[in-house]
Amino acid sequence: KLDTLTDPELVDEFKLGNELALNELIRRHTSICQFVMRNIMIGNLSHYIPEIINDFNYLIYKAASSFDKSKGFQFSTYLGSIVRFHCYRVRDKMKFNVKIEDEELKKSIDNNYSYTPKVKENINKIFKLLDEPTKQIFELRYIKQYTWKQIGKNTGLSREWARQLHKTGLKNLQKNFRRANVGMA
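Residues numbered from 1 in each chain as written. Predicted model: local features only at pLDDT ≥ 70, side-chain atom pairs only at ≥ 80, totals over all residues. Heavy atoms only, no water.

Let's talk about the overall build of the protein chain
The following threshold applies: Helix and strand definitions here come from DSSP, where helices need a minimum of 4 consecutive H or I residues and strands a minimum of 2 consecutive E residues; each element is numbered from the N-terminal end. Relative accessibility thresholds used throughout: buried, under 20% of the residue-type maximum; exposed, over 50%; partly exposed, between the two (1.4 Å probe, protein chains only). Residues are treated as being in contact if the distance between any of their heavy atoms lies within 4.5 Å. We get accessible surface area from the Shrake-Rupley algorithm with a probe of 1.4 Å; when it comes to residues, only the shown protein chains can shield them.
A tally of regular secondary structure across the protein chain gives ten helices and zero strands. The secondary structure elements of the protein chain, listed N-terminal to C-terminal, are α-α-α-α-α-α-α-α-α-α. Residue burial in the protein chain is summarised as follows: out of 185 residues, 38% are buried. Long-range pairs, those at least 24 residues apart, make up 59% of the contacts in the protein chain between residues at least 6 apart in sequence. Accessible surface for the protein chain amounts to roughly 11500 Å². Of this, 52% is attributable to carbon and sulfur atoms.

What follows is the structure in structure tokens.
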């Protein structure tokens, strides 16, 4: 019966709790995910493909969970945009694979500022809430006092993309600040 339903009907079934509807969406749309991924991750970026392939089922689940047929989009178009942006995030994350170890952060903080031990501890707790690319942007912006242009040049990202990662990092910090158990004393 499920193979006769349209994509929006399958999404509705899935939202009502029918896991078989999700399996049918995955069967139908894995090839769309592969097509979009191959068009984005061509050439020297193709070594990122295995990481994205592992995410196809999740991306289809995410698209089915958030799809709103009242907006007038086809499910496949909506899914394609989710896959496309996921590919961009993975590509940029991999391209921006400069690691900052905690010791390096501590040394940088120690060399640039004379913070109290409590403040240093709080800075390290905050940095642990950030992913590596965002952590590097925060270090360059706040510890080394780089401009957006310098950050872009240093990381290989455009300054606008670096600014967007910074903005997302700030939002994540706001959401997770209490979790870090940071005291301001």
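Quick notes on the confidence of the model for the protein chain
Our working rule: Known as pLDDT, the predictor's confidence for each residue is given on a scale from 0 to 100.
For the protein chain, the average pLDDT comes to 76, and 70% of its residues sit at 70 or higher. Predicted confidence in the protein chain is weakest over helix 6 (residues 102-112), with a mean pLDDT of 52, and strongest over helix 1 (residues 7-15), with 92. Taken together, the stretch residues 97-102 has pLDDT below 50 and engages in ten contacts with residues farther than four places along the chain or on a different chain.

A look at the pattern of salt bridges
Put simply, the rule reads: One side-chain nitrogen of Lys or Arg within 4 Å of one carboxyl oxygen of Asp or Glu is enough to make a salt bridge.
Under the defined criterion, the tally for this structure stands at five salt bridges. Arg28 is the partner of Asp7 in a salt bridge, and the nearest nitrogen-oxygen pair spans 2.8 Å. Of the two residues, Asp7 sits in helix 1 while Arg28 sits in helix 2 (residues 19-40), which places them 21 residues apart along the sequence. Among the ionic contacts, a cluster of salt bridges with common partners joins Asp7, Glu24, Arg27 and Arg28.

Some thoughts on the packing of aromatic side chains
The line we're drawing: Each Phe, Tyr or Trp ring, with Trp reduced to its six-membered ring, pairs with another whose centre is within 6.5 Å; inter-plane angles below 30 degrees give stacked pairs, above 60 give edge-to-face pairs, and intermediate values give tilted ones. Whether a charge sits over a ring comes down to the Lys NZ or Arg CZ being within 6 Å of the ring centre and within 35 degrees of the ring normal.
Following the criterion strictly, the structure yields three aromatic pairs and no others. Seen in terms of ring centroids, Phe67 and Phe75 are 5.4 Å apart; in terms of plane orientation they differ by 85°. Their pairing is edge-to-face. The buried category is assigned to Phe75, whose relative accessible area is 0%. Taken together through their ring pairs, the aromatic side chains of Phe67, Phe75 and Tyr78 make up a single cluster. Stacked on the ring of Phe85, the Lys or Arg Arg84 has its end atom at 5.0 Å from the ring centre.

Thoughts on the packing of helix 8 (residues 132-143) against helix 9 (residues 148-155)
A packed helix pair is summarised by two numbers, namely the angle formed by the two axes and the spacing between the axes. Inclusion rule: Convention adopted: a line fitted to C-alpha atoms gives each axis, helices being fitted over their contacting stretch, and angles between N-to-C directions are expressed from 0 to 180 degrees. Note on angle classes: values under 35 degrees are labelled roughly parallel, values over 145 roughly antiparallel, values of 65 to 115 roughly perpendicular, and the remainder oblique. Crossings are assigned a handedness: left-handed for a near helix turned anticlockwise from the far helix by less than a right angle, right-handed for a clockwise turn. Amino acid classes used here: Ala, Val, Leu, Ile, Met, Phe, Trp, Tyr, Cys and Pro are nonpolar; Asp, Glu, Lys and Arg are charged; the rest, including Gly, are polar.
Where helix 8 contacts helix 9, the two axes come as close as 10 Å, and the packing angle between them is 135°. Comparing their axes, helix 9 and helix 8 come out oblique. By crossing handedness, the relation of helix 8 to helix 9 is classed as right-handed. Residues Gln136, Ile137, Leu140 and Arg141 of helix 8 form the contact with helix 9, whose own contacting residues are Trp148, Ile151, Asn154 and Thr155. For the contact of helix 8 with helix 9, the per-class residue count stands at four nonpolar, three polar and one charged.

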